[in-house]
Structures are given as C-alpha cells and as structure tokens.
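Residues per chain are reported as follows:
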Amino acid sequence: GEMPLRADFLLIRRDPEAELPFPLSHLGQTTLMEFKGPDDTASQLDLQLLGIYADLYVYQEKLAARSDLTLWLVGSHFADKLSDSALACLDEVTDLGPGVRRAVLDRFTTYVVDLGEVPLAKEMLCFHMVSKTRERELAEFIVDRREQSRYYTTYMHMMHGPRLKEVLAMRKMTAEELGLD
C-alpha cells in the first residue's frame, strides 16, 4: 500500500514553560513524532520519512524556520545503521541520558528515543505500554504503583497479561487486588 504523508503524532505544547520530566522535557513547542511499534525496527527509511514529513509540515503550516519544529523517532528496536550520509544523516549526535540522543537531521533538531533504555516513569507509561522490551519491569512498576497507575492497569492486563500474572504470582497477589476481574 501507499505510505502516509504524515508522521504518527503531532504534539503541540500548550505551555512551553511547564516543566516536564525526562525525556518529555525535550519536546519542542511543536513536535512531529514517528513511533515504531513493538515488533518494528526503526530504520534508515524511517529517519528519511521523518525528514520528509517535517519538510511537508513546514511547507503546509508555513513555519518561518526549521527550528520551529522538533522531530522525535521513538521505538524499542533500532537498525545498526540508522543514519546514512547519502540519504538521511544524523549530525551532531549527543547522548542526553538513558535512551535519548539529540541530533540534527537536515537542520531539524531531532531526538532518537529508545524505549528499551528510557527510565520507567508514570509520565512515560503511554509509550512503554506499547513496547515489549521490558514487560516484566513494566508489570512490576504498575503493581508497585497501582494507586498512581490505576488508569494503565487494564491496558497492562490486555497487552502484557502473562507478565502481569507472573508478577502477581511472585508477589502472592490476585488480579482482583488490582481492580481486575
């Protein structure tokens, strides 16, 4: 089939001055995000497409400068050769912390976010939920913080049921104690 001509997510910060936790603190005022599913590997093609989506967005929205748009490539698996000088090249790559690198892609500030390395935090659960790289750790996080993470408990059960059951068994807990049937 045809590839879509837009990124997976467009995030617009309503309050750019609000403090966000790592790595969300690196969201721009406007951020295009390409999100690779749990079984997908982010590749050179994904990086190239993200650059194309960015160019289209700048053109359609008549942005004054590329600095007005931030790009994120998020996934759990990355190709060994993500950047290629002949196609889409990440320049000025800097490690910012666990699982997050900042770079420049065709003059766009770009973040490569590896969910297998980014610390588990309540604010990042929506991303970690669709990752398969740390299921047990995620289940433990949800169980340990069940009051604060109640919203995600049902999703954890649906998406990572075996790991959740394993953690509950180790803790001698029942699904009912998490509010599950």
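As the structure is a computational prediction, the values presented were derived from the model and not from experiment. (Residues numbered from 1 in each chain as written. Predicted model: local features only at pLDDT ≥ 70, side-chain atom pairs only at ≥ 80, totals over all residues. Heavy atoms only, no water.)

A.B. asks: Explain the packing of aromatic side chains to me, please; I cannot follow it from the model alone.
C.D. replies: For any two aromatic rings, the description comes down to two numbers: the centre-to-centre distance and the angle of the planes. Going through the model one piece at a time under the given rule, you end up with 5 aromatic pairs. On the numbers, 6.1 Å between centres and 35° between planes, the contact of Phe-35 with Phe-127 is tilted. Taken together, the positions of Phe-35 in strand 2 (residues 30-35) and Phe-127 in helix 2 (residues 125-128) put the pair 92 residues apart, joining distant regions of the chain. Of the residues examined, Phe-35 reaches a relative accessible area of 17% and is grouped as buried. A ring pair is formed by Tyr-151 and Tyr-155, whose centres lie 5.5 Å apart and whose planes are at 50°; its orientation type is tilted. In this pair, Tyr-151 and Tyr-155 both sit in helix 4 (residues 150-159), 4 residues apart, roughly one turn of the helix. (Phe/Tyr/Trp six-rings, centres within 6.5 Å; stacked < 30°, edge-to-face > 60°. Helix = DSSP H or I, 4+ residues; strand = E, 2+ residues; numbered from the N terminus. Buried < 20%, exposed > 50% of the residue type's maximum accessible area, 1.4 Å probe, protein only.)

A.B. asks: How should the pairing of strand 4 (residues 90-97) be read in this particular structure?
C.D. replies: If a strand is regular, its side chains alternate between the two faces of the sheet. Looking at chain direction, strand 4 and strand 5 (residues 100-105) are connected through 5 bridges and run antiparallel. Within the sheet, the bridge partner assigned to Asp-91 lies in strand 5 and is Val-104. A loop of 2 residues connects strand 4 with strand 5, the two strands running antiparallel in sequence, and Gly-99 in this loop sits at a positive phi of about 80°. (Pairing = 2+ DSSP bridges.)

A.B. asks: Any chance you could explain the environment of Asp-114 here in plain terms?
C.D. replies: Of note, Asp-114 is situated in strand 6 (residues 108-114). Once residues lying within four places of it in the same chain are set aside, the contact partners of Asp-114 are Gly-75, Ser-76, Phe-78 and Gly-99. (Contact = heavy atoms within 4.5 Å.)

A.B. asks: What am I meant to see in the sheet that holds strand 4 here?
C.D. replies: Strand pairing in a sheet relies on backbone hydrogen bonds, with the paired strands running either antiparallel or parallel. Judged by pairing direction, the sheet is mixed, and its 6 strands sit side by side in the order 1-2-3-6-5-4 without closing on themselves. Strands at the two margins of the open sheet, each flanked by one partner only, are strand 1 (9-12) and strand 4. Pairs of neighbouring strands in the sheet enclose a mean axial angle of 25°, with direction left out of account. Note that strand 3 (residues 70-75) and strand 6 share 6 bridges and pair parallel. When the bridges of strand 6 are listed, Gly-75 appears paired with Asp-114. Against the sheet, helix 1 (residues 44-61) contacts strand 1, strand 2, strand 3, strand 4, strand 5 and strand 6, and its axis sits at roughly 150° relative to strand 2. (Axes fitted to C-alpha atoms, helices over the stretch in contact; angles between N-to-C directions.)

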